[in-house]
Amino acid sequence: MQSNNEKPKSWKLLSMLLPASMATGTIIGAAPDASANQGFINAVAPMAQAGQQQYGVPASVSIAQAILESGWGQSGLTRSGNAYFGIKCTAQRSPHQAGCTSMPTREVINGRSIMIVDGFRTYATGADSFRDHGHFLRVNSRYAPAFQTKSADDFARAIARAGYATDPNYANALIRLMNQYDLRRFDASAAPAKPKLNEKFKDLAGKYSGMLGSVRANSTNANGGTWQEFDNGLLVETPNGQFVIRNGIYTSYRNAVNQGVKLGLPLGNEGSVTGGWKQSFQYGDVYYMADGKTFNLRNGMATRHRDASKPALGLPVNNERVEGNAVVQDFTGGRIFWTSQRGGIAVVGKTYEQFKANGGVGRYGLPTAEQKENAEGAGAQTFERGAITWSAENGYQPVVGGIYTTFNAAGGFDKLGAAKSAETSIEGGWVQTFDNGQVFFSNKPKQGGAAVTGGIASAVESIGADKVGMPLSAEKAVPGGWSQEFENGTVFTGKYGSFLVSGDIAKKFKELGGVEKLGVPTSEETTIGDTVVQKFRHGEIRISNVETIVVRGAIFAGYDSAGGAEATGAPLRNEYEWNDGWRQDFENGSVLGGGSADFNFVPSQIMERYEQRAKELGKPIAPAEITETQISQVFQNGSITVTIS
């Protein structure tokens, strides 16, 4: 009639098990063929008596229940599966069942009678069905009071009170059948013999004699071991030895089995833990605490909890439960999330505290991997929609949303390290800085995100992500380093430093041929009066409200070797052709050269005289020499010396 954990239902609802002629009404009293009824009773009586001898259920009660539940042996379940009692299938197999079969049955749910399909135990023989009926009542703690009664009638009333069936007349129906067919006559000859202690347990039973109470049932062989039950415990022989299950652990183990939870054979005896005791089994662990609470860890929960290679969780504080798409269980040090896809994954310690305090599963989703740490002590744990990272310097930081998606795609913690701060908003999106780079995510549709790593990342951190904006390309190698395009300009990094080329300087830089012509930047952009200036490996760009002046190429080499703007002053105009070469004028003189001559700076004191004799003297072949009293400079065809007054 019931599984170990199903709600009680009316025995009248077994219409799916009965022949059509018996699908309605209350099945009490003589059936159309009285001789057939007596034949049925005579056939099942020995099986009921054997069940009474093994488990203590009065044969008269078993026979009366079989009459009601099998329709005098004519139900489809009885004929196809040797099942006389309609016991539901559960995850915990009975030692007597042969298998399961699905059959339609009528159930009452929320006051409505509906037809469903459910699984029922089947048996190799009818005798096994009767044995399983006795076993079912004996191991299910709700029916324990029935076994303390003194008569078959009281036994029938006790199982009815315990919820075997919801029909208030169920016990009376059984008793009427027992009276009508004198079924109690089968009880006397079936009185169970006092269960005997298996000799193999003699020594162990003696050791625990004051704790286990009396032998409750003869020993049985099941699930690869030999079991003998006492009033207050179990003795079990396994291939690894003999063990005792007792006290609160026994109660919890028995309740778990009754609810269909498979724990299997014990792996050892109980051991003490902080605040209680623990015993491990094939498929889980049972905890019994000093305050009387009991907790079961089973299957994936126990596997993860036992794994010493992963962060410890402490003691359980509740039993597992279903939350959303996972089975969860809480411990003093965290929580295990179990799914069929990933198994058991724990979130522990401060990571779990951060997880709970910042939205939990609703924000992060379920964990996808155990937490990990690197050699520096920084660590991370990933979830379906985010991650939590930590380091000694920057504490615990969340990584969520589009930043997390990009972070994960770029190699996650293994490549980028821990977050240095939470994400921040910049023009065009968001950015988050990590130990080994930044992750950007755009607020523009379809632009997505990008990770910036290596030297470029250091440059961005130094310059400021808010200044460079969103990345537009991947980094690329340039002479002397690397570059990467951003919304607000190009970031360069390498042997000459890390700099951003942006705005009008960037436009002019690109117009002049970029890195190929001017090289990489060697300074940041500065402002002198109304002029912005930036220096490059092979040039300098100056932009004011009035004009743009560029110092480049060989002229820049002469300008740079003379000491740059500190020596020559600011450029006054762009380069121009002069004296069969090129010239550019500065506040303190001019840089000129060309042809076979190098470019040199000619101070203004020399230029005043040189301009008059340029054709005659040719081009300067060396920098000017300056002393306290004079300035002199050598040209291709002569020299000029000017006395300093």
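Basis of the calculations
- Throughout, a residue's number is its position along its own chain's written sequence, starting from 1.
- For this predicted model, a pLDDT threshold of at least 70 governs which residues receive local features, and a threshold of 80 or more governs which side-chain atom pairs are given and counted, while totals over whole chains, interfaces and linings are taken from all residues.
- Values reported for side chains reflect all heavy atoms of the structure, with hydrogen atoms and water molecules removed beforehand.
- We count a stretch as a helix when DSSP gives it H or I for four or more residues in a row; a strand needs E for two or more, and each element gets its number in order from the N terminus.
- In this setup the radius of gyration rests on C-alpha atoms only. A globule is expected at 2.2 Å times the number of residues raised to 0.38.
- Burial classification: accessible surface area is computed with a 1.4 Å probe over protein chains only, and a residue below 20% of its type maximum counts as buried, one above 50% as exposed, and the rest as partly exposed.
- Throughout, a residue-residue contact means that at least one pair of heavy atoms, one from each residue, lies within 4.5 Å.
- Using a 1.4 Å probe, accessible areas were evaluated by the Shrake-Rupley method; residue-level cover was limited to the displayed protein chains.
- Asp and Glu are treated as the negative residues and Lys and Arg as the positive ones, with His and the ends of the chain left uncounted.
- Think of each charge as sitting on NZ of Lys, CZ of Arg, CG of Asp or CD of Glu.
- Each nonpolar core is a collection of buried residues, namely Ala, Val, Leu, Ile, Met, Phe, Trp, Tyr and Cys, held together in the definition by side-chain atoms within 4.5 Å.
- Cysteine sulfur atoms are paired as a disulfide whenever they come within 2.5 Å of each other.
- N or O atoms within 3.5 Å of each other form a polar contact, as long as, within protein, one can give a hydrogen and the other can take it, and as long as residues adjacent in sequence are counted only when both atoms are side-chain atoms.
- Angles here are taken between N-to-C directions and fall from 0 to 180 degrees, while the axes themselves are lines fitted to C-alpha atoms, restricted in helices to the stretch in contact.
- Just so you know how the angles are binned, under 35 degrees is roughly parallel, over 145 roughly antiparallel, 65 to 115 roughly perpendicular, and the rest oblique.
- For this classification, the nonpolar set comprises Ala, Val, Leu, Ile, Met, Phe, Trp, Tyr, Cys and Pro, the charged set comprises Asp, Glu, Lys and Arg, and every other residue, Gly included, is treated as polar.
- Ring pairs shown here join Phe, Tyr and Trp side chains whose ring centres sit within 6.5 Å, with only the six-membered ring taken for Trp; geometry is labelled stacked below 30 degrees between planes, edge-to-face above 60, and tilted in between.
- The rule for pairing is simple: two strands pair if DSSP sees at least two bridges between them.
- Working rule for handedness: look at the near helix, and if it is turned counterclockwise from the far one by less than a right angle, call the crossing left-handed; if clockwise, right-handed.
- A score from 0 to 100, pLDDT tells how confident the predictor is in each residue.
- Salt bridges are identified by distance alone: a Lys or Arg side-chain nitrogen within 4 Å of an Asp or Glu carboxyl oxygen.

Things to note about the overall build of the protein
No. 1: When helices and strands are tallied, the protein shows 22 helices and 37 strands.
No. 2: Computed over C-alpha atoms, the radius of gyration of the protein comes to 46 Å, more than 25% over the 26 Å expected from 2.2 N^0.38 for 645 residues, which places it beyond the range of a compact globule.
No. 3: In the protein, buried positions account for 50% of the 645 residues.
No. 4: Taking as baseline every contact in the protein between residues at least 6 positions apart, the subset at least 24 positions apart corresponds to 43%.
No. 5: If you sum the accessible surface of the protein, you get close to 29,800 Å²; carbon and sulfur atoms cover 48% of it.
No. 6: The centroid of the 62 positive side-chain charges in the protein is displaced by 14 Å from the centroid of its 60 negative side-chain charges.

What to know about the nonpolar core
No. 1: Formed by 47 residues in total, the largest nonpolar core has its most connected members in Ile63, Leu137 and Leu183.
No. 2: Among the elements of the structure, helix H1 (34–55), helix H2 (59–70), helix H4 (126–139), helix H5 (152–161) and helix H6 (170–180) are those that each provide at least two residues to this core.
No. 3: In terms of residue count, H2 provides more of this core than any other element does, 7 residues in total.
No. 4: Once residues lying within four places of it in the same chain are set aside, the contact partners of Leu183 are Ile41, Ser60, Ile63, Ala64, Ile67, Leu177 and Met178.

Observations regarding the state of the cysteines
No. 1: The tally for this structure, following the rule as stated, stands at 1 disulfide.
No. 2: What pairs with Cys89 in a disulfide is Cys100, and their sulfur atoms sit 2.0 Å apart. Across the disulfide from Cys89 to Cys100, rotation about the S-S bond amounts to roughly -125°, and the bridge is consequently left-handed. Taken together, the residues Cys89 in the loop between helix H3 (76–81) and strand E1 (99–109) and Cys100 in strand E1 connect sequence positions 11 residues apart.
No. 3: The class of Cys100 is partly exposed, set by a relative accessible area of 48%.

Some details on the environment of Gly86
No. 1: Turning to its location among the elements, Gly86 is positioned in the loop between H3 and E1.
No. 2: Between the C-alpha atoms of Gly86 and Ser75, which are 11 residues apart in sequence, the distance is 9.9 Å.

Details of the side chain of Ser442
No. 1: Inspection of the secondary structure assignment puts Ser442 in strand E21 (residues 437–442).
No. 2: With a relative accessible area of 3%, Ser442 lands in the buried category.
No. 3: In terms of polar contacts, Ser442 uses its side chain to reach the backbone amide nitrogen of Lys444, at 2.9 Å.
No. 4: Not counting residues up to four positions away in its chain, the partners in contact with Ser442 are Gly428, Gly429, Trp430, Gln447, Gly448 and Met470.

Let's talk about the packing of H2 against H5
No. 1: H5 packs onto H2 with a crossing angle of 50° between their chain directions and a minimal axis gap of 9 Å. In terms of orientation, H2 lies oblique with respect to H5. For the pair H2 and H5, contact is made by Ser60, Val61 and Gln65 and by Ala152, Phe155, Ala156 and Ile159, respectively.
No. 2: In the contact of H2 with H5, the residues fall into 5 nonpolar, 2 polar and no charged.

Digging into helix H14 (residues 401–409)
No. 1: Taken together, the buried positions of H14 are occupied by Gly402, Ile403, Tyr404, Thr406 and Phe407.
No. 2: Phi turns positive, to about 115°, at Gly411, one or two residues after H14.

Considering the packing of aromatic side chains
No. 1: Applying the stated criterion across every chain yields a total of 26 aromatic pairs.
No. 2: Residues Phe136 and Tyr143 carry aromatic rings whose centres are separated by 6.0 Å and whose planes lie at 50° to one another, so their mutual orientation is tilted. Here the two residues Phe136 and Tyr143 agree in accessibility, since each one is buried.
No. 3: With centroids separated by 5.4 Å and ring planes inclined at 50°, the aromatic side chains of Tyr364 and Phe383 adopt a geometry described as tilted. In this pair, Tyr364 is assigned in helix H13 (residues 360–364) and Phe383 in strand E16 (residues 379–383), connecting sequence segments 19 residues apart. Across this residue pair, the class does not change: Tyr364 and Phe383 are buried.
No. 4: An aromatic cluster of at least three residues, connected via ring pairs, comprises Phe40, Trp72, Tyr84, Phe85, Phe130 and Tyr181.

So, the sheet that holds E16
No. 1: The strand order across the open sheet formed by 4 strands is E15-E16-E17-E18, and the pairing between neighbours is antiparallel. Two strands lie at the open edges of the sheet, namely strand E15 (372–373) and strand E18 (395–400), each paired on one side alone.
No. 2: As defined by bridge partners, E16 adjoins strand E17 (residues 386–391) across 5 bridges and the pair is classed as antiparallel. Bridge assignment links Phe383 to a residue of E17, and that residue is Gly386.
No. 3: Contacts from helix H12 (residues 349–357) reach E16, E17 and E18 within the one sheet, and its direction differs from that of E17 by about 135°.

Notes on the pairing of strand E5 (residues 233–238)
Within a regular strand, side chains alternate between the sheet's two faces.
No. 1: With 5 of its 6 residues buried, E5 lies for the most part within the structure.
No. 2: With 5 bridges joining them, strand E4 (residues 225–230) and E5 adopt antiparallel strand pairing. Within the sheet, the bridge partner assigned to Gln228 lies in E5 and is Leu235.
No. 3: As consecutive antiparallel partners, E4 and E5 are separated by 2 residues.

Notes on the packing of H1 against H2
No. 1: Where H1 meets H2, the axes come as close as 8 Å, and the angle between the chain directions of the two elements is 130°. It follows that H1 is oblique to H2 by the angle criterion. As H1 packs across H2, the resulting crossing turns out to be right-handed. Within the contact between the two elements, H1 uses Phe40, Ile41, Val44, Ala45, Ala48, Gln49 and Gln52 and H2 uses Ala59, Ser62, Ile63, Ala66, Ile67 and Ser70.
No. 2: Here the residues of the contact of H1 with H2 are counted per class, giving 9 nonpolar, 4 polar and no charged.

Observations concerning the confidence of the model for the protein
The predicted coordinates should not be examined in detail at positions where pLDDT is low.
No. 1: Averaged over every residue, the pLDDT of the protein is 89; residues scoring 70 or more account for 93%.
No. 2: Below pLDDT 50 for its whole length, residues 1–32 participates in 99 contacts with residues either more than four positions away or in separate chains.

Digging into unusual backbone geometry
No. 1: In this model, Lys446 sits at a positive phi of 70°, which is unusual for a non-glycine residue.
No. 2: Along the polypeptide, Lys446 turns up in the loop between E21 and strand E22 (449–453).
No. 3: Even without a glycine there, the phi angle at Asn579 is positive, about 50°.
No. 4: Within the fold, Asn579 resides in the loop between strand E31 (576–578) and strand E32 (581–586).

Observations regarding the pattern of salt bridges
No. 1: This model, assessed by the stated rule, comprises 30 salt bridges.
No. 2: Among the ionic pairs, Asp128 bridges to Arg131, the shortest N-O distance being 2.5 Å. Taken together, the residues span about one helical turn, with Asp128 and Arg131 both in helix H4 at a distance of 3 residues.
No. 3: Across the pair Glu616 and Arg613 runs a salt bridge whose closest N-O atoms are separated by 3.1 Å. One end of the pair is Glu616 and the other is Arg613, both in helix H22 (residues 604–617) and 3 residues apart, which spans about a single turn.
No. 4: What you see here is one network of salt bridges that share partners, running through Arg321, Glu323, Asp330 and Arg335.

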